[in-house]
Every structure is written in C-alpha cells, then in structure tokens.
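# Summary of the model geometry
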Amino acid sequence: MQPEVVEAIGALKDKGILGDPPASTLLRVAKRELVSVRFELRALLYAGVLLVTTGVGLFVKENHDRIGPLAISAGIGLAAALCIGYAVRRAAPFTWGRAPAPGVAFDYVLLLGVLLFAADLAYVEAQFRLLGPGWPYHLLLVSALYAAAAYRWDSAVVLGLALTSFAAWRGVSVNVLHGSLGPGRLAETRANAVACGALFALVGVLLSRGGKKAHFEDVYLHAGLLLLFGGLLSGVYARGLWGVWLLLLLAVAVAVAWAAFRGGRSLIFAEGVIAAYLGLLRALFELFRPLHSGPAFFLVVAASAAGVLGLVVAVHRRMRVR
Amino acid sequence: MKGAWVALERAAAVRDAARGWRSAGLVDAETERRIADEFPDPRLRPSWAFRALTFLLVTVVVLALFLALMLAGPGLPAGLGVLCLVVGGACVAATEAQQESPRLARRGGAGATALWAGVFLSGGAAFLAHRPVGLNESGVVTVFLAASAVAWGAACLRWGSPVWAIFSTTSSFFLLARVPAGRVLWVVLGAGFALAAARYLDDPSWAPLHRASAAAVQLAGLAALYMGVNTWSLETQWIEKLRPGPVSTPASQTLLAASAVATAVVTAGVLGRGIRARRTLLLDAGIVLSVLSLVTLRHYVPIVPLWAVLVAAGATFLLVALGLNRWLSRAAGKQRGGFTAEPLFVDEAKARLLEVVPVAATLSPSTPAPEAPDRSFRPGGGSFGGGGASERF
C-alpha cells in the first residue's frame, strides 16, 4: 500500500482535481486491492523461452547420432511452425506505425518460434552443407528472416536479434557477456564493428524519418552506438595510431552528443559523453605518463571528471529531455 | 531522515504515481500538472541517464582523490585506515550537503557519495583493526562485516535507500555466519527479520524510502532463512564454511530429510503469503525460491536427462503464464481475487522496448570463428541455444 497516495487521492477528489472514474480505480490500486502480475507473466514467459531453447540445444547435442538429422530437423521445424502459426493467427494487420500487441504472450511465442526456426536452419546447414564454404552466410539469412518477422509482427525484441545476428555475420559480438568485440582478427573486427554500428544508426534514423516503424529507432541507435563506440574505443586503446582513433572517436562522440542534446535524448547524450571521456582518459595517461606513480596524476583524473561533471550539469540545465 | 526530507519524499511518491496515471492515459496533462502543484517537490530530478552519468563521474572524482591522497600520504602504519575514515567522513558530509540542496538531492551524486561513505568507513575500520590494533585476518574480516552492517544501517536510516538496507542486512548475516551456531541464527533471525519488516511495509508513519527499505530487509531475511534450511546448503555446509576454522561434522540423514521438508515449506509459505497478501515482491521471491527448490530437487533426484528437465520446465513456465493470463483476462473486469494481467500505470511500449536488452544479451547467436576448417556438426548452439547460429550449430 502507498499510504500517502491513498490519502492524496481522497484529497484530490475532494478538490475536484480527480474525477470518479478514475479515482476509485486508482484508490483500489494504491490500497493494493488490485494488483498487476504483468511483470511476473513476462518474466515467466522469458524464462520459459530461455529454458526451452537451451533444452532443445542440449537435446540435439546428446541425441543427434541416435535420432538422425531428418527427424531432429523435422521436430524442431514443427515446433517452430506451431509458434509462428500462433503469431500469424493472433497478429494485428500490418502497419508502418506501432501495432497493438495482441497479448502479453505474443512477443514470447513469436520469439520462441523464430529462435527454433533459426536453430533448425543452422542445424540443416551444418548437416547438409547447403551453403558450402559460404556457411557463415546463414547468419545473414537468419538476420534477414528475423528482420522480416520483426517488421511484420512489430517486435522490437526480434529486431534486436536481427541486428545482433547481422553483426555476428560480420564477426562482431554485440553481446556484452562476451566481453570483447569478437573472436576474429582485432583490426578486421574493429573495422566491422565501426561499419555495422554506423550502418545500424543510419538505418535507424532514416527509417524513423521516413515514418517506417519509427518506434524501432531506439533499438537501431543503441545497438549501433554500442558497436560504433566499442570499435572506436578499441582503436584508442590499441597500440599504434591511437591518436587518430581518438580524434575520430571525439568527432563522433561530440556529433552524437550534440544531436542527442538537440533531440532531448538523455541516454544517447550520456553514451556520447561516456565514450568521449573513456577516450580522453587514454590521452591523459599518455600526456601525464611521467606522473603515473604520483598523486598529481590522480588529481588530474579527478579534475577531468569534475570538469565533465560540470559540463553535464550545464547541459542538463539547457536540455529539454524528451 | 529529517522531517523535511520525509515530506518531500511523500510528495515525490504522489507525483510519481500521477506520472504513472498519465502514462496509462487515466489522467490528462493538465490534471497531472495540477497534482504536481498540490504536492510541490522543489528538488530537481534529471532523467535516469543523467543521474547514472552523474553517479559515475562523482565516483571517478572520489576514487581519484582517494588515490591521490593515499600516494601523497606519509605512510604511517595506521595511515590507510585513517585516510579511509577521513575520506568516508568527507563523503558523509558531501552526501548531507547534497541532500539539503534541492538542486543536488536527486541528481545522482548523493547516491555515489553515500555509497563510497559506506565503503570507506567499513574499510577504514578493517584497516585499523589490522594495523595498529594487530588483529589477524579472521578478526579483520569480522570487524569489516560489523562496521559494514552499522555503516550501511546508519546510511539507510539517515538517507533512506533499499540498497543500503540490503547491504546492511547482508553484512549482518555474514557476520552471524562467523559464530558457532551460524546456521541456526540465519534461520531464526532470517524469519525474524522477514516477519518484523512485514509489519512496516504499509506503515503510514514511515517514509516511502524507509518502507522500501523494510521490503529489502524482508527479502534479505527470506534469503537467509531459505539458505539456512536448503538441503544443498546444509549438505555442502555452505554457511559453516563462512566461519573461520575447521568445518563441523556433516549433517545427519534425519537432518537432511527435515531440511528437504523445510525447503518445500518455506518456498510454499512465501508463495502462499504473496498470493494471499497480494504482494508482488513476495510472489517474485516465491517464484525464485520455487526455481531454486526445483534445481535442488533435480540435484538429488536425477530421474530424467537435463535437456528433458529444461524443456519440461520451460514448457511449464510458458503454459502457466499463458494459462494464468487467459484465466485472468477472461474474468469479469479482467481481474480475479484482486489480481489482473493488465498493465497498471506502466508505459507498456517502453517496457516492451526494455526487453530487447536481456533477450539480446542471452539469446544472440555466437560470432563465427575466423578460421574453422572443421565445420562438422557440433551441437550446443550459441549462447543458451540462441538460434544455434554459429559455425558449431
């Protein structure tokens, strides 16, 4: 119960600020006479998808010799078809705007369907070698299928998978749990990360301006900036031409922060500031190298952070957060 | 907490509620503005991104200053401990100053200085216990835990935060684990904390942040109670191993059987209480304890292969969620027994967007290795079977 909210609703109703409805409904919720379990349902559905996909992967690993590829791919395909069939049946008609969600479970059943479908595709490709030496292209195919599903069924979650699959095709991992950009050669992976990041951000902005699922812009932008800044920072902290990478990083970060400031996007502004500051730390390390073991260096770091903090406070005063 | 701060917290709770009503479309912008006028809160509250940025930068300033002072210090035996206490004290003063200022109180900096106040004060006490007092390693850990429990408890009382409440309660339980009857204390005091905290969850005389802290204490108490009775924890002597010195004798079969029953009873009790009292926090805790209990059961009774357990558990989760949603949605007014599956005062579109993060983090495909001459089928999939989209699957 929220006692002050309960009290406030009564007072606001007496003053005529709140009508009835909605005062009685609001009062029931504030008194905990009506409680939503929406979050719990979503958590159960997410955990369910995670467990089923993990279990299916393990099942295939332990049984593919015994059961045979045809039966396994048919089984997974059937399960995927059932889930996607549910999505087809329940989905609202296509729109370039935001489509109403048919229910709390829709996104998760769709997610399970596309994940099983992708798993089946990967399994078939690994067994029958349909793409030959170009086997990584199946990630591009999966990404395209995810993207199509995301747009048709208005699912930001599936769009997120489409972007990470596309990045994976280029050898870049968006998954922060991996802790690195990817397993490939660093210079190549870095270039791919920067290119993918710039592409995602550009596509997001263009589609949003064109009114094509404008609400997906955040997914494109955050995935894009994560890759773009990750790639640039990896260059800044590498040996060699780190100064060039730093200049590039600062140029991009300032441009992103400026655009975010104008658009009132506080999270994107914060991403730009953090990336720029992390880059500047490398410059501080290099400029004050002789002072590394002394207190003066840390005073410089403290002063730099305080300076950025002052800038953030000043920007916040002028920024109209969306 | 000061009376003035409590009044502002109460006003902020009403304004937050009004913001939720507006996002759910139950009131218009004009009504929300009039509510804000009725419940003024002069404190500036930037968006969470700005608050996180401020928290991060203040943290860098505090740590860099600490390191600068440490390197500049004279290197006395008690120097580090004293320095920690001085910096901790400075952080306390900084937090107080920010809390007093409407422009700074909710900007994120007060949270950062409060966090480092707790860390430095606890650490300072531990360093002083080592030098010059001369306690051994075990004694230093005990002093650290005691200081941590007190420091975070005081921070919670003064500035009100469920995070500090969790830190204080957790430190207390780890401290209790260091005495001979640690497990018994975890069970008894865990239940005691949970029951005592429950009395204050709706107490109007408590500030909103203190009520949230009571909920945090309740959760920590339940976690301690569950760890105290859990069969795996008892068999592996998880709590006993936190105590210095040799581990006591293993638990008897009778005790293990009793703990299996207690594990089930505690889980069912938390879940049942959550449903009866319509407390989602207890419901969530009950769901987590149910999963842990099932994992414990699978550990001792491995009747089916792991993949079958995962698929069955996943399918059960999906079916329970689907069934519950259907059952609630088909009732009159889309509610049964005070529960509804409808989102109440939550921006559903924003919540759906936030789900991208955990899904992308756990279900994304693995990146292909640069050179993989052997591309024969090696199942196992990507992370968590994420589409199996890697060269290995």
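Within each chain, residue numbers correspond to sequence positions counted from 1 in written order. Here chains are named by letter from A upward and ligands by number from 1 upward, in the order in which they appear as written. Where totals are concerned, whole chains, interfaces and linings use all residues; where local detail is concerned, this predicted model gives features only for residues with pLDDT of at least 70, and gives and counts side-chain atom pairs only at 80 or more.

Under the domain assignment, chain A is made up of domain 1 (1–35), domain 2 (38–155) and domain 3 (170–289). Put simply, the middle of domain 2 of chain A and the middle of domain 3 of chain A, counted by C-alpha atoms, are 30 Å apart. Note: domain ranges come from an automatic or database domain assignment.

Contact between residues is assigned whenever the C-beta positions, reconstructed from backbone atoms, fall within 7 Å. Contacts between chain A and chain B engage 95 residues on the former and 92 residues on the latter. No other element matches the 22 residues that helix α3 (residues 38–67) of chain A contributes to the side of chain A that touches chain B. Where strand β1 (residues 35–36) of chain A meets strand β2 (residues 339–340) of chain B, 2 bridges bridge the pair, whose relative direction is parallel. Directly across from Ser36(A), in β2(B), lies its bridge partner Thr340(B). Each helix is a run of DSSP H or I of at least 4 residues and each strand a run of E of at least 2, with the numbering of both proceeding from the N terminus. In this scheme, strands are said to pair when DSSP sees at least two bridges between them.

Turning our attention to the sheet that holds β2(B). The strands making up a sheet associate through hydrogen bonds between their backbones, and the pairing can be parallel or antiparallel. Read across the sheet, 3 strands follow the order β1(A)-β2(B)-β1(B) without closing on themselves; strand pairing throughout is mixed. Looking at the sheet topology across the chains shown, the edges are occupied by β1 of chain A together with β1 (335–336) of chain B. Bridge count for β1(B) against β2(B) is 2 bridges, and the pairing is antiparallel. When the bridges of β2(B) are listed, Arg336(B) appears paired with Phe339(B).

We now examine the domain arrangement of chain B. Interface extent is often summarised as the accessible area lost during association of the parts. Residues and elements named next belong to chain B. Split into domains, chain B comes out as domain 1 (43–159) and domain 2 (164–244 + 253–272). Residue-level contacts link 11 residues of domain 1 with 11 residues of domain 2. Among the elements that take part in the side of domain 1 that touches domain 2, helix α6 (residues 137–159) stands out by supplying 10 residues, more than any other. For the side of domain 1 that touches domain 2, the per-class residue count stands at 6 nonpolar, 5 polar and no charged. Think of it as three bins: nonpolar holds Ala, Val, Leu, Ile, Met, Phe, Trp, Tyr, Cys and Pro, charged holds Asp, Glu, Lys and Arg, and polar takes everything else, Gly as well.

As a further point, take the environment of Phe167(B). Residues and elements named next belong to chain B. With respect to the secondary-structure elements, Phe167 resides in helix α7 (residues 162–176). Whether a residue is buried, exposed or partly exposed follows from its count of other C-beta atoms within 10 Å of its own C-beta, namely 20 or more, 12 or fewer, or something in between, respectively; the C-beta atoms are built from the backbone. Residue Phe167 is classed as buried on the basis of its 24 C-beta neighbours within 10 Å. Considering only alpha carbons, one finds Phe167 and Leu8, 159 residues apart in sequence, at a separation of 25 Å.

A few words now on unusual backbone geometry. One can expect most non-glycine residues to show negative phi and most peptide bonds to be in trans. Put simply, Pro21(A) and Pro22(A) share a cis peptide bond, and its omega is 15 degrees. Residue Lys213(A) is not a glycine yet carries a positive backbone phi of 50 degrees. Positionally, Lys213(A) belongs in the loop between α8 (186–209) and α9 (217–236). Notably, Gln237(B) is not glycine yet its phi reads approximately 55 degrees, a positive angle. Within the secondary structure layout, Gln237(B) lies in the loop between α10 (231–236) and α11 (253–277).

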